[in-house]
Amino acid sequence: MRIARTGILPLIGAAALAGCSGSSEAEGEARWTSGSIEDLREAIGERAEHGLDHVRFEVPEDAGSAAGQTAMTKAALLYASALARGASDPGELYEVYTVPRNDPDLKAGLAKALAQGDVDDWLDSLAPHNGAYGALSKAYLALAGKKAAPSPEIPVPEEPLEAGDEDPRVPAIARQLAASGYLSSAAGRAAGQRYTENMVAAVKRMQADYGIDPDGIIGKDALEILNFSDADRARALAVAMERLRWLEREAPKTRIDVNTATGRLTYWREGKVADRRKAVVGEPGHETPQLGSPIYRLVANPTWTVPRSIEEKELAGKGAAYLRANNMARKDGWIVQQSGPENSLGLVKFDMKNDHAIYLHDTPAKALFDEVQRQRSHGCVRVEDALGFAALIASHAGLSEEWTTARETGEETFVALPREIPVRLLYQTVVLDEEGKPSIHADPYDWDTRVARKLGFGERARHVLKAGSQDVGP
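Residues numbered from 1 in each chain as written. Predicted model: local features only at pLDDT ≥ 70, side-chain atom pairs only at ≥ 80, totals over all residues. Heavy atoms only, no water.

### Quick notes on the pattern of salt bridges
Opposite charge on two side chains permits pairing when their charged atoms draw close. Defined as follows: Any carboxyl oxygen of Asp or Glu that lies within 4 Å of a side-chain nitrogen of Lys or Arg is treated as forming a salt bridge with it. Runs of H or I in DSSP of at least four residues are treated as helices and runs of E of at least two as strands, each being numbered from the N terminus. Each residue gets one of three labels from its accessible area relative to the maximum for its type: buried under 20%, exposed over 50%, partly exposed in between, using a 1.4 Å probe on protein chains only.
Following the criterion strictly, the structure yields 19 salt bridges and no others. When the shortest N-O distance is used, the salt bridge between Arg-245 and Glu-242 registers 2.6 Å. Within this pair, Arg-245 and its partner Glu-242 are both found in helix H12 (residues 230-246), separated by 3 residues, close to a single helical turn. Residue Arg-245 is classed as buried on the basis of its relative accessible area of 0%. Glu-242 sits in the buried class, given a relative accessible area of 0%. Between Glu-435 and Lys-437 there is a salt bridge whose closest N-O contact spans 4.0 Å. Glu-435 sits in the exposed class, given a relative accessible area of 59%. Through salt bridges that share partners, Arg-255, Asp-257 and Arg-424 make up one connected network.

And the structure:
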């Protein structure tokens, strides 16, 4: 049996098809016709619309024999799995990944599609069908369709750009500064060819975030952060599509999503966005894990039991005077910080159910919300105006009076929610801008790289965000 190889780069092997391959007898029950085989070939041939064109899938030439039928079924299930669940397994890529996954019965779906002769429609139904995925796919195809070899959008200057210089590259630099959050969108669109003081200040903030001397001069290092070639953009878009394929297709209509790559929280209620606000998440080395975990209660005036890891690394050598100054005391062998506005959890904690001691909370360190890169915590999620957010949650739950009473006690008080609110801690470096177009942001944890490798993409110059938290809070 000759094998036709569709594509040229990494092959997804049978081991990646967990739970999708069965016995030859079972696979032989549904027969492949010439029409169904052509449908499969055409679908795989058009896999660029899913950012999977760097992945190789093997399709047998001959499906007439029993072995050929079995091989064809395995090929179909392999490609179907890539569309339905992703070509990679986040549980293998990351130490922690508990966000609910998409997991359809592909064997039953393929058997039905073969019986009805609509393999093409079945395959088309497996990938996400939403505006975000469609926008990513459209942008990816536009890049994949370019005939010229990819080249950097912003060529590295022979001489570094300094304040006041005029250069045709400046508008592109301004646009990427805006996309990364260092300039306003209006300033990014309106930039001329002069490297202004406003842009210099933005570049200095970016350099400081990445551990580069914040001199405001645009040279090789600064451009490696800002610069995205066509290949870099395609890579980011493909990774973003893969991350969406991991997710269940029908997310809870009422939920909280936190994008840890951009430090943004979105509260969905009955399928509509009810609130958006900034969040501070884990810094590199203390990354906020990708979790699916519900909020089950609000905690007014929380105390904070310091984790052993923070006690040993951050509080080692601190004496009794330090503990008293920070309203801390030892209790049953643990350091506990008492309730109050200077408590590291602030005045409200959003208790979540998970085995990783990760939750949302308030913070006295309000200035961190003014940072562009807000990966500054020890792993938990700090919420901007957390008291306002808690009041909103309590109101929607019919608990406004109970919540007000709990706050007024001045002591740690628990208010159970009548219905848990699912929370998804996600990592998305590509988001849609105000016009619904994909905008590529920083990859602060360098978590896109391992996904990109699974999709067959090469490396790019990487500057990982510099760890820089100054407090001991979670």
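### Examining the side chain of Arg-235
The cut-off we apply is this: Any two residues having at least one pair of non-hydrogen atoms within 4.5 Å are treated as being in contact.
Looking at where Arg-235 falls in the secondary structure, it is placed in helix H12. In contact with Arg-235, not counting residues within four places along its chain, are Thr-449, Ala-452, Phe-457, Gly-458 and Arg-460.

### Quick look at helix H3 (residues 66-84)
Our working rule: How far a helix is expected to stretch is found by multiplying one less than its residue total by 1.5 Å.
For H3, with 19 residues, the first-to-last C-alpha span of 27 Å sits near the 27 Å given by 1.5 Å per residue. Taking burial as the measure, the 19 residues of H3 include 15 buried ones, the bulk of the element. Within two residues after H3, Gly-86 carries a phi angle of roughly 105 degrees, on the positive side.

### Concerning the packing of aromatic side chains
The way to describe two aromatic rings as a pair is by their centre distance and the angle between their planes. Note the threshold: Pairing of aromatic side chains requires ring centres within 6.5 Å, counting the rings of Phe and Tyr and the six-membered ring of Trp. Pairs whose planes differ by under 30 degrees are stacked, by over 60 edge-to-face, and all others tilted.
Here the structure, examined in full by the defined rule, presents 9 aromatic pairs. A ring pair is formed by Phe-350 and Phe-389, whose centres lie 5.6 Å apart and whose planes are at 50 degrees; its orientation type is tilted. One end of the pair, Phe-350, is in strand S10 (residues 348-352); the other, Phe-389, is in helix H15 (residues 386-396), with 39 residues separating them in the sequence. For the ring pair Tyr-445 and Trp-447, a centre distance of 4.8 Å and an interplane angle of 70 degrees mean the geometry is edge-to-face.

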